[in-house]
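Below are the chains, spelled out letter by letter.
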Amino acid sequence: MLKINCPICGNRDETEFSCGGEAHIARPIADNKLTDTAFSEYLFMRDNPKGVFLERWCHTSGCRRWFNLARDTISHEIIEIYPMGQTPKTAKGKKAYQANWRRKSKAEAASKPAKRTVK
Amino acid sequence: MANTDLDRGSRALTQKSKRYSIFSLARNAASYHQNWQQAWRHADPKPAYDAVIIGGGGHGLASAYYLASIHGMTNIAVIEKGWLGGGNTGRNTTIIRSNYMWDESAGIYEHALKLWERLSQDLNFNVMFSQRGVLTITHSEHELKGMSRRVHAIRLNGIDSDILTPAEIKKRVPTINISPDIRYPVMGGFLQKRGGTARHDAVAWGYARAADDLGVDIIQNCEVTGLRRNGGQITGIETSKGFIKTPKVGCVVAGHSSVLADMANIRLPIASRPLQALVSEPIKPILDTVIMSNAVHMYISQSDKGEMVLGAGVDKYNSYAQTGSWPVPEHMVAAAVDLFPFLSRLRMLRQWGGIVDTCPDASPIISKTDIKGLYFNCGWGTGGFKSTPGSGHVFADLIAHDRPNSIALPYSLKRFETGYLIDEHGAAGVAH
């Protein structure tokens, strides 16, 4: 049983939460220009590390807010809880973020807004 | 579907002196069972093999056995990190059935069931396959409708499946509570009479003994630490017992598939989750069939030792800890006690979790990869045990010929690019 410290409601049992799976999967913007392989990476392929995993959780039975969580999949230790839209701050969390194959994937590269020049 | 000319690979243990039989039992009884021969050799890794199977569970050992017996590849090895059958092979609830909905699933699961029906004879090892029937019960109008659709699809594939009313269920299983006012009322069910259970350890041991007899090296306590390749071709594996050269590697490691795939920089759509089960203290025979409920994630049977074997659902988050979270069995036991009130006074004897490799469409991956000579057999999720012989049979064929046969073809990794998914969430028994 995990005890999860919801950023809004405080420490609660895991039964109050839903796990939303891998965090930081950016949706490609020009998905019609992606290859099937790259789109499949976005849609189906998942990071599944034995060690620190960055995932999304929702406090379904409480405030219903989403947040990110860095957790060890062997010891279940919760290393860090941080807001949506941000990346981890702890050393272990940062390492897990950088080690994810997605950081080098075509799908993620295609998800960043193209730089526009303002005339 | 047609496999009338199915090659079962029953070529091992042809020497009478090595076979188990009533005579060998009598002979060994005379010497107080002190002189039984070793079931398989202790093998140290050779420098090179024609193929290596990573993972000494049921699927891996079956793959090695069929590679040796059907395809004549006897210079091969099975590499196991721990001990044989110590992973999910020894951590499941041993249910065997082939009542899945889609044609592709009928192909693989029925293929497996046909092999199960003769497996003890083929391996000369009693795997205690017991066709006691698998009865899936439903608890709502919608489930009833979904069930009849599935039953008709199953029957069109030539697989036995019968719809039962609550009264017929009560007749078969007198201990079940069919009262309409319980939390999960029994509204109907369907039965696969050819389904049942087998002894999980015996499956691993039987395949190991038969594979060993054909010359396969079974190497335990040997962890794979890396996959070596030269360009797009696999050249060998790094292990805790040194480098092993081989042109073909079959990965059959269930929950650890993503860990191996990472070594080869291959992406898999797999999430590793704990799947839990528990047994009660042993009691006298009371349940002679298997009951499953998809809606409450409960499945129950009685082992030959008398323990009630209860399986629960998967945990909701990824984990490699072989234990699982308490609320999952708690929910299952609540439903089980409602359906079988006699369970309420039984004590739990053991609880355990296995790390299952769940796939987005609840169907397995039996596939080549972009690296030549590297094959994956994974993604069986919560339903791997039942398919052990079929999985090994088609995976051996894939490795030997470097092309999938008609049964394995739909299970390619490419289906996540083409969109040709085989959605078996309804038949998988446990939500993924």
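See the structure printed just above.
Rules behind the numbers
- Starting from 1, residues in each chain are numbered consecutively following that chain's sequence as written.
- Here the convention is simple: chains get letters from A, ligands get numbers from 1, in the order in which they are written.
- With pLDDT at 70 or above as the cut-off, local features in this predicted model cover only qualifying residues; side-chain atom pairs require 80 or more to be listed or tallied, and sums for whole chains, interfaces and linings still use all residues.
- Side-chain figures throughout are based on the complete set of non-hydrogen atoms in the structure, without hydrogens or water.
- A cavity, in this analysis, means grid points on a 1 Å lattice covering only the protein atoms where a 1.4 Å probe fits yet has no way out; a pocket is instead an open set bounded by protein on both sides within 12 Å along at least five of seven lines, and a residue lines either one if it has an atom within 4 Å of a point.
- Grid points are joined across faces, edges and corners, and a volume is the space filled by probe spheres set on the points.
- Secondary structure is summarised from DSSP: a helix means a run of H or I of at least four residues, a strand means a run of E of at least two, and numbering begins at the N terminus for each.
- Multiply 1.5 Å by the residue count of a helix minus one, and that product is the helix's expected span.
- Throughout this description, buried means an accessible area under 20% of the type-specific maximum (1.4 Å probe, protein chains only), exposed means over 50%, and partly exposed covers the range between.
- Contacts were defined at the residue level, with two residues in contact if any of their heavy atoms lie within 4.5 Å.
- Any carboxyl oxygen of Asp or Glu within 4 Å of a side-chain nitrogen of Lys or Arg constitutes a salt bridge here.
- Here the rule is simple: two strands pair whenever DSSP picks up at least two bridges between them.
- Take the accessible area each of two parts loses on contact, using a 1.4 Å probe, and add the two losses: that sum is the buried area.
- Residues adjacent in sequence count toward polar contacts only when both atoms are side-chain atoms; beyond that, a polar contact is any pair of N or O atoms within 3.5 Å, and within protein one must be able to donate a hydrogen and the other to accept it.
- Three classes are used, and their members are as follows: Ala, Val, Leu, Ile, Met, Phe, Trp, Tyr, Cys and Pro are nonpolar, Asp, Glu, Lys and Arg are charged, and the others, Gly among them, are polar.

Draft legend 1. Just empty space enclosed by the protein, in detail. Residue and element names in this part refer to chain A. Following the criterion strictly, the structure yields 5 cavities of 30 Å³ or more and no others. Taken as a whole, the largest cavity spans an internal volume of roughly 60 Å³. Considering the residues around the largest cavity, the lining is formed by Glu-22, Ala-23, His-24, Asp-47, Pro-49, Val-52, Phe-53, Leu-54, Ala-96, Tyr-97, Asn-100 and Arg-103. Within the residue set of the lining of the largest cavity, elements represented by two or more residues are strand S4 (52-58) and helix H2 (91-99). Of the residues forming the lining of the largest cavity, the biggest block, 3 residues, is contributed by S4.

Draft legend 2. Quick peek at helix H9 (residues 327-339) of chain B. All names here are of chain B. Between its first and last C-alpha, H9 extends 19 Å over 13 residues, near the 18 Å set by a 1.5 Å rise per residue. Three or more residues of H9 are buried, namely Pro-327, Val-328, Pro-329, Met-332, Ala-335, Ala-336 and Leu-339. Elements in contact with the buried residues of H9: strand S4 (134-138), strand S13 (271-280), strand S15 (298-302) and strand S16 (308-314).

Draft legend 3. Here's a closer look at the pattern of salt bridges. Evaluated as defined, the whole model comprises 29 salt bridges over all chains. With its nearest N and O atoms 2.8 Å apart, the salt bridge here joins Asp13(A) to Lys3(A). Here Asp13(A), found in strand S2 (residues 10-13), pairs with Lys3(A), found in strand S1 (residues 3-6); they are 10 residues apart in sequence, far enough to count as distant. Judged by its relative accessible area of 28%, Asp13(A) is partly exposed. What makes Lys3(A) exposed here is its relative accessible area of 53%. A salt bridge links Glu417(B) to Lys414(B), with the nearest nitrogen and oxygen atoms 3.9 Å apart. Taking relative accessible area as the criterion, Lys414(B) reaches 42% and is therefore assigned partly exposed. In this structure, a network of salt bridges that share partners links the residues Glu110(B), Glu117(B), Asp160(B) and Arg194(B).

Draft legend 4. Examining unusual backbone geometry more closely. Unusually for a residue other than glycine, Arg64(A) sits at a positive phi of about 65°. Along the polypeptide, Arg64(A) turns up in the loop between S4 and strand S5 (66-72). Phi is positive for Tyr32(B), close to 55°, though the residue is something other than glycine. With respect to the helices and strands, Tyr32(B) occurs in the loop between helix H1 (22-30) and strand S1 (51-54). Residue Tyr32(B) is classed as exposed on the basis of its relative accessible area of 69%.

Draft legend 5. Geometry of the pairing of S4(B). Residues and elements named next belong to chain B. Of all 5 residues making up S4, 5 are buried, and the element is well covered by its neighbours. Here S4 shows two buried faces, one formed by Val-134, Thr-136 and Thr-138 and the other by Leu-135 and Ile-137. Relative to strand S6 (residues 188-192), S4 runs antiparallel, the two sharing 5 bridges. Of the residues in S6, the one forming a bridge with Thr-138 is Gly-188. The pairing of S4 with strand S14 (residues 290-293) spans 4 bridges and is parallel. If you follow Leu-135 over to S14, its bridge partner there is Ile-291.

Draft legend 6. Region of interest: the interface of chain A and chain B. Listed by partner, the interface residues are 26 residues for chain A and 24 residues for chain B. Between chain A and chain B the total buried area reaches about 2,100 Å² when both faces are included, carbon and sulfur atoms providing 57% of it. At the junction of chain A and chain B, the tally comes to 0 salt bridges. At the surface where chain A touches chain B, the tally comes to 16 residue pairs in polar contact (both at pLDDT 80 or more). Counting only elements with at least two residues in the side of chain A that touches chain B, the list comes to strand S3 (18-22), helix H1 (36-43) and S4 of chain A. Tallied by class, residues from the side of chain A that touches chain B come to 11 nonpolar, 7 polar and 8 charged.

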